[in-house]
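A closer look at the structure
Take a look at the letters that make up each chain.
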Amino acid sequence: MDMRMIREKLAEAGQDHLLQFWGELSEAEQTELYLQLQSMDFQELSSFFQNAMKVSGHIKEEKIDEKMEPVPREALGSVTRDRDMLKGWEEEGLLHISQNKVAVLLLAGGQGTRLGVSYPKGIYDVDLPSHKTLFQIQAERILKLERLAEERHKVKSTIPWYIMASGRTMESSKEFFAQRNYFGLKKENVVFFQQGMLPAMDFNGKLILEEKGKLSMSPDGNGGLYRALGAHKIVDNMESRGIKYIHVYCVDNILVKVADPTFIGFCVKKGADCGAKVVEKTNPIEPVGVICKVDGKYQVVEYSEISLATAEKRSSDGRLMFSGGNIANHFFTLSFLKDVVQIHEPQLQHHVAQKKIQHVDSQGQLIKPDKPNGIKMEKFVFDIFQFAKTFVVYEALREDEFSPLKNADSQDGKDNPTTARHALMSLHHRWVLTAGGHFVDENGTKIPAIPSSRNGPSGTVTPDLNQNLKDVTDLPIKCEISPLVSYAGEGLEKMVSGQVFHSPLVIDETGIHQLVKNGL
């Protein structure tokens, strides 16, 4: 170990406090800290800190209402407003999938800390009848979509799956996939790579020790994707496979349509290099970022950045003017992604989050602060919208496509295992009704059905739009349909039309399973 070099490097950067406990560390701890410090570019970190703090201070002072413009209609596709276009967009998407031009890119760096577990979110089981995890559900959707494209175009299709994990989720995620034989996907088509990490800093730019011999580190945000794509040569890998279009999404959405052919087809038909899928805000003050134009460029504007008056503005059709809630679900062309990685990534600014960061003080005592004592810096995946030449927005139905898993179960809670489970079972229940099946209660009485609140399509292979039904129940009927049976509600008629079912109902590749007296 070249300690002289490290000490000089730290002194020059004003970070020599990081070695204050060096003499108390074991040899193994010294080696670990040395390697951490050796890998740091302190000049770059200082630049990140200065720029991030400058931008953060500027944003706090400025409301941007006057600069905001809604997404123009010509750049907008919508499940409810463009029903006659959906079939054509879907066909376009399936064609490109059949030609092996589509890849999916999963952002899976998050641990389930807020869920009360220490393992990756993708491994979480929300207690479906099948006990499938988020990873398995998404893998099976990819498999089914490959088969649908093959059935339609009579050629074998492959959708490569690129999974960005963090240092904390990488090994456990890879092990989980390997133990389960990649859920039927080919190992060579599941590509893991690791996002970068950045050290936490105090408000003066000093790096923080979480232990005497260990820096406090955290992932660099989902926008760290672009740096990681370059560092691990993922774009080169995509290019070598002939990939042209990439669908990017977050692991925690149990309803995500992975590589959604309708969304991809819409973006391709529009000639877009970048696109975002959104859901309509439930109300003006829902705390979600909206996609709009600011100074003529597309970006996500956080709910805290605009006034209530702007949030409440409505268009002539009565809908909120700024209604497109961001759900971290995006489309990129490979050429656009290459430009972002090679040209634009260094221009992206870090966002600052003030955090309560556990650390050791100058006496070596572990401190768990009760108020923010430092910052973590991160980039966001949507920061690159500004560089798109042709940007489009696709509005999906929330009840069909968005139910994130973020929090542990609690009374009156949201975005938790119960709401995620109910969302999926409710969707599958609607699929059964739309395909002509019905449910009866424990007395054998038929549960009446009414039109769905949005009366929109439930399937990618679109069913009759006027027949999208749901039952009159407060809680969803327990109903789970394997993605290997149906990707988005298609193909169920032959199995359920005219049939009467009891809950719970499970339909998987082995058949239909219903409640009997002692369970399934």
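Residues numbered from 1 in each chain as written. Predicted model: local features only at pLDDT ≥ 70, side-chain atom pairs only at ≥ 80, totals over all residues. Heavy atoms only, no water.

Overview of the packing of helix α1 (residues 3-13) against helix α2 (residues 27-38)
Any two packed helices are characterised by how steeply their axes cross, that is the angle between the axes, and by the distance between the axes. Definition in use: To get an axis, fit a line to the C-alpha atoms, keeping to the stretch in contact for a helix; angles then go from 0 to 180 degrees between the N-to-C directions. For the purposes of this entry, the term helix denotes a DSSP run of H or I that reaches at least four residues, the term strand denotes a run of E that reaches at least two, and both are numbered from the N terminus. An angle below 35 degrees is read as roughly parallel, one above 145 as roughly antiparallel, one from 65 to 115 as roughly perpendicular, and any other as oblique. If you view the pair so one helix is near and one far, a crossing is left-handed when the near helix is turned anticlockwise from the far one by less than a right angle, and right-handed when it is turned clockwise. Whether two residues touch is decided by their heavy atoms; if any such pair falls within 4.5 Å, the residues are in contact. Ten residue types, Ala, Val, Leu, Ile, Met, Phe, Trp, Tyr, Cys and Pro, are classed as nonpolar, four, Asp, Glu, Lys and Arg, as charged, and the remainder, Gly among them, as polar.
Relative to each other, α1 and α2 sit at 55°, their axes nearing to 11 Å. By the angle class used here, α1 and α2 are oblique. Two packed elements cross with a definite hand, and for α1 against α2 that hand is left-handed. For the pair α1 and α2, the contacting residues are Met3, Met5, Ile6, Lys9 and Leu10 in the first and Tyr34, Leu37 and Gln38 in the second. Class assignment of the residues belonging to the contact of α1 with α2 gives a composition of 6 nonpolar, 1 polar and 1 charged.

Here's the deal with the sheet that holds strand β25 (residues 505-508)
Condition: Any two strands with at least two DSSP-identified bridges between them are counted as paired.
Strand order in this open sheet of 3 strands is β23-β25-β26, and the pairing throughout is mixed. In this open sheet, the two edge strands, each paired with only one partner strand, are β23 (479-481) and β26 (511-514). Averaged over all pairs of adjacent strands, the angle between their axes in this sheet comes to 10°, without regard to strand direction. As paired elements, β23 and β25 share 3 bridges and run parallel to each other. In the sheet register, Ile481 faces β25, and the bridge partner there is Ile507. Sheet contacts for helix α13 (residues 417-434): β23 and β25; angle to β23, the most-contacted strand, approximately 80°.

Considering the pattern of salt bridges
As a reminder, the rule being used: Note on definitions: salt bridges are taken to be side-chain nitrogens of Lys or Arg within 4 Å of carboxyl oxygens of Asp or Glu. When accessible area is computed with a 1.4 Å probe and restricted to protein chains, residues below 20% of their type maximum are described as buried, those above 50% as exposed, and intermediate ones as partly exposed.
Applying the stated rule across the entire model yields 24 salt bridges. Asp82 is paired through a salt bridge with Arg73; the nearest N and O atoms lie 2.8 Å apart. On the basis of relative accessible area, Asp82 is assigned to the buried category, the value being 11%. For Arg73, a relative accessible area of 41% translates into the label partly exposed. In this structure, Glu210 engages Lys214 in a salt bridge whose closest nitrogen and oxygen atoms are separated by 3.8 Å. According to the relative accessible area criterion, Glu210 is partly exposed, its value standing at 21%.

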